[in-house]
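Single-letter residue listing:
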Amino acid sequence: DHYFCLKLKRLGFDIIRVENAILLHSLGNSIPKSILGQKITVTNHSPLRRYYMTRNRLYTWKEFKKDFPEWYKEDLGRFINETIKIILYEDRKLSKLRSIMGGVLDYGKKVMGKKENR
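The residue numbers shown here count from 1 along each chain, following its written sequence. In view of the model being predicted, local features appear only for residues whose pLDDT reaches at least 70, and side-chain atom pairs are presented and counted only at 80 or more, with totals across whole chains, interfaces and linings using the full set of residues. Side-chain metrics rest on all non-hydrogen atoms present in the structure, leaving aside hydrogens and water.

So what exactly am I meant to see when it comes to the side chain of Arg57 here?
Looking at the element boundaries, Arg57 is found in helix 2 (residues 47-64). Classification of Arg57 as buried rests on a relative accessible area of 11%. We call two residues in contact whenever any of their non-hydrogen atoms come within 4.5 Å of each other. Setting aside its immediate chain neighbours within four residues, Arg57 contacts Tyr52, Asp75, Arg78, Phe79 and Glu82. Each helix is a run of H or I in the DSSP string that is no shorter than four residues. Each strand is a run of E no shorter than two, and both are numbered from the N terminus. Accessibility here uses a 1.4 Å probe with only protein chains present; expressed as a share of the type maximum, an area under 20% marks a residue as buried, one over 50% as exposed, and anything in between as partly exposed.

Right under this line is the structure:
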């Protein structure tokens, strides 16, 4: 979790990455693809998950951008890359793009907590 790790780093803790750790969870329906000989993974997260990922990502950027500018630039690149993959390869494109926009708008309105059905 980026927010948790960045907060710990800000407090002076070191973050240790364990390369061979295995976490079993299902957040999407990841599908490996090969495009022009390059392997990519399409995550197929649900539209609701895309909403939360976007809204919470923007909050995390605001909180940590100044302290960790390199991380911010890398994560901005990941966000752009994920959005391009949605447009090019995922199902339910329009629903996911609307959810991303909803996350941006709710972040701007300072809406946090559980997303209400609208």
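Please explain the nonpolar core as it appears in this structure.
Burial of nonpolar side chains together is a common tendency in soluble globular proteins. Within this scheme, the nonpolar core is defined by two criteria: the residues are buried Ala, Val, Leu, Ile, Met, Phe, Trp, Tyr or Cys, and they are joined through side-chain atoms within 4.5 Å. Among the nonpolar cores identified, the biggest contains 10 residues, and these are Leu6, Leu58, Trp61, Phe64, Phe68, Trp71, Tyr72, Phe79, Ile86 and Ile100. Going through the elements one at a time, helix 2 and helix 3 (69-89) are the ones with two or more residues in this core. Discounting chain neighbours no more than four positions away, the residues touching Trp71 are His2, Leu6, Thr60, Trp61 and Arg78.

In this structure, what is going on with the pattern of salt bridges? I would like to understand it.
Here the idea is simple: oppositely charged side chains can pair when their charged atoms come close. For salt bridges, the criterion is a side-chain nitrogen of Lys or Arg within 4 Å of an Asp or Glu carboxyl oxygen. On inspection of all chains with the given rule, the structure shows 12 salt bridges. The residue Glu90 makes a salt bridge to Arg50 at a minimum N-O spacing of 3.9 Å. Of this pair, Glu90 sits in the loop between helix 3 and helix 4 (93-108) while Arg50 is found in helix 2, placing the two residues 40 residues apart along the sequence. Taken as a pair, Glu90 and Arg50 share a single burial class, namely buried. Among the charged side chains, a salt-bridge network with shared partners connects Arg50, Arg57, Asp75, Arg78, Glu82, Glu90, Asp91 and Lys96.

Sorry if this is basic, but what is going on with a nonpolar patch on the surface here?
Patches in this entry comprise residues that are over 30% relatively accessible and not in a salt bridge; like charges within 9 Å are linked, as are nonpolar side chains (Val, Leu, Ile, Met, Phe, Trp, Tyr) within 5 Å. To measure how exposed things are, a 1.4 Å probe is used in the Shrake-Rupley method; for residues, cover is taken only from the protein chains shown. Together, Ile80, Ile84, Ile87 and Leu88 line one region of the surface with nonpolar side chains, adding up to about 370 Å² of accessible area. Relative to the helices and strands, Ile80 resides in helix 3. The class for Ile80 is partly exposed, based on a relative accessible area of 45%.

Explain unusual backbone geometry here, please?
Working note: non-glycine residues mostly have negative phi, and peptide bonds are mostly trans. One non-glycine residue with positive phi stands out, namely Asn44, at about 55 degrees. Mapped onto the elements, Asn44 comes out in the loop between strand 2 (38-42) and helix 2.

What exactly am I supposed to notice about the pairing of strand 1 (residues 31-35) here?
Every other side chain in a regular strand lies on the same face of the sheet, so the side chains alternate between the two faces. Pairing of strand 1 with strand 2 involves five bridges; the strand directions are antiparallel. Residue pairing in the sheet places Lys33 in a bridge with Ile40 of strand 2. Paired strands are those between which DSSP finds at least two bridges. Remark: two residues form the turn of the hairpin made by strand 1 and strand 2, two consecutive strands paired antiparallel; Leu36 in that turn has positive phi of roughly 50 degrees.

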